Every structure is written in C-alpha cells, then in structure tokens.
Amino acid sequence: MPGLGWDAAAEQRFDVNLSILFTELPLLERPAAAAAAGFTAVELWWPWIDSPTPERSELGALRKAIEDAGVQLTGLNFYAGQLPGPDRGALSVPGEESERFRANVEVAAEFAGSLGCGALNALYGNRVDGVDPAEQDALALENLVLAARAADGIGAILLIEALNKPESPLYPLVSAPAAVGVVDKVNAATGLDNARFLMDLYHLSMNGEDLPAVIERYTAKTGHVQIADNPGRGAPGTGSLPLEDLLDQLRKAGYDGWVGLEYKPGDRPSAEAFDWLPR
C-alpha cells in the first residue's frame, strides 16, 4: 500500500508482534526475521500456550534468539490460555486456569525482566457459564494485583486490554471505559500506579467506538498502542481506518511509546507486509 503518506511514521516507534506476524517461521527464527525487515523491537503473546511454566531451556532459547537478533522485547503477555484459539485470558477463570495464571506470573516477569521488557499484558479472560460475574471480577482483581506487583518488581507496567465483542463475545472488557475502569481498580488496590490501558485501535473500532474521543479521553492512562486496519485486521491501508491520523492525534496528545503492529499479513509472507511504511 505505498503512497499512504505516513509523514508521522518517522516519529513513531513501531514494533512487530511475533505472535501474529512471521508465524510462518518457527518461533526462534522470528526475532531475526523482524530485524531483517528493519525493526528494532518486537512483542509477543505468551509463546507457550500449553505451559505457563516452560522448561528453563525453552525460556533460554527464546531469550538468546531475541538477544542474537539485536531486537528489544517491548511487550509480553502473561499466560492467556489457548491464544490464538478459543481463550481470551485465564486470570478471571476460577479453578485450574486461574492457578495456571498465578504459576506463570513470576515466570513471565522474570523472563521479561531479563530482556529489559517494560510492559506485561494481562488478558482478563472470558465469562464462564454458571459462575457469578462478580465472583470472576473479584478473582480477576486478586490476580491482577499479583501481576502488577510482579511487573513493578522488574520496573514494568501492567497492561489491561479491551478486545472486541464480535470476535470475543464472552470477554467482558469490550470498551475502552470498561478496561480503564479495571486499570483504576488495580491501581487503587496496589498503590503502585503501574497499571495502564492497552489501546488497540482495531479492537476499539470493531466495537464501534469513537476513536478520536477515546484518544482524547484516555491517552494519559495508556501504556501501549496496537494497530491493525479494519475491516480484515490487515496492514494499514488494507481497510478504511484513518490510522495515520489517529497515531498523529495520539502523539499530539502526549503518547510517545511503542506502537505494536498486531495485524495479519494476508496471503503473502510477513516480510512483504510492511510496504505501507517508509523504509
């Protein structure tokens, strides 16, 4: 999509989400592929979806791949269940999933800290049939407090993300106000003030939110931004979202953090999915 302009791109800092881009490659080859495409930073969902506590050798191999590629890890998800897949987090799901999240908290924080990663994303989890939502919310707050403390221990922020209702109908945080409300509760409970909103412009647009109004209202509470175009969740220019204008507004509102590229490459290799960006 050349010719989009992207005058602001030189002032934006883009990182690549290696859990949605370069997935045609084995995990350990993705950091180097991102570097070869010209990126200096990457982010990840929790890479071991079946294990909140992988072997140290697995953690070490991924750490080495990131270090050898010379890229910065800017964001990492805590364990979130089967993602990609049917799950949308584990921390509010009573029983085994909540326990798996708790087992993961220190592991994820230690791994992130070893790479100087400053942001950890905690996906809230789906509503469960037969469980009182208030019970889930109480469990969520308990686990988010643990996660915020672990993040604080490595000098990182805790991110709380709004998803979109069409694709995540059982997920309760499907608006910016809902996610920011949880951010405020966590900060009030910990006194650490390190919980922040993860503003994903694709998810918010899928919810039909007024994106300029969200930016105006919540930039000060935003710790990370992610983008994809809509419809389709593809690269900028494949849909109709005015992403360049929105990022320009974000910057003018004071956001100077990373912008995560969390979009699908389409039917082409990921390395070819960045033609909208000036080299």
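### Things to note about helix α2 (residues 56–69)
One turn of an α-helix holds 3.6 residues; hence residues three or four places apart share an orientation.
Then comes step 1: Taking 1.5 Å of rise per residue, 14 residues should cover 20 Å, and α2 covers 20 Å from first to last C-alpha, within 8% of that figure.
Then comes step 2: Within the sequence span of α2, burial applies to Leu 59, Leu 62, Ala 65, Ile 66 and Ala 69. Seen along its axis, α2 keeps its buried residues to an arc of 125°; they face one direction. Away from its buried face, by an angle of more than 90 degrees, α2 presents the exposed residues Arg 56, Ser 57, Lys 64 and Asp 68.
Then comes step 3: On its buried face, α2 sits against α1 (30–36), β2 (41–44), β3 (72–77) and α3 (96–114).
Then comes step 4: Gly 70 lies just past α2 and shows a positive phi near 75°.

### Brief notes about the packing of helix α4 (residues 133–153) against helix α5 (residues 176–190)
Then comes step 1: Two elements in contact, α4 and α5, have axes separated by 10 Å at closest approach and are oriented at 65°. In terms of orientation, α4 and α5 fall into the roughly perpendicular class. Of the two possible hands of crossing, α4 and α5 adopt the one that is right-handed. Counted together, Leu 141, Leu 144, Val 145 and Ala 148 of α4 and Val 182, Lys 185, Val 186, Ala 189 and Thr 190 of α5 form the full contact between these two elements.
Then comes step 2: The class makeup of the residues in the contact of α4 with α5 is seven nonpolar, one polar and one charged.

### Some thoughts on the packing of helix α7 (residues 211–218) against helix α8 (residues 243–252)
Then comes step 1: In contact at an axis separation of 10 Å, α7 and α8 are set at 15° when each is read in the N-to-C sense. Taken together, the axis directions place α7 and α8 in an arrangement best described as roughly parallel. Judged by the twist between their axes, the crossing of α7 over α8 is right-handed. Listed contacts from α8 to Leu 211, Pro 212, Ile 215 and Glu 216 of α7 are Leu 246, Gln 249 and Leu 250.

The rules we used
Residues numbered from 1 in each chain as written. Predicted model: local features only at pLDDT ≥ 70, side-chain atom pairs only at ≥ 80, totals over all residues. Heavy atoms only, no water. Helix = DSSP H or I, 4+ residues; strand = E, 2+ residues; numbered from the N terminus. Expected span 1.5 Å × (residues − 1). Buried < 20%, exposed > 50% of the residue type's maximum accessible area, 1.4 Å probe, protein only. Arc of directions from axis to C-beta. Contact = heavy atoms within 4.5 Å. Axes fitted to C-alpha atoms, helices over the stretch in contact; angles between N-to-C directions. Parallel < 35°, antiparallel > 145°, perpendicular 65-115°, else oblique. Left-handed = near helix turned anticlockwise from the far one by under 90°. Nonpolar A, V, L, I, M, F, W, Y, C, P; charged D, E, K, R; others polar.

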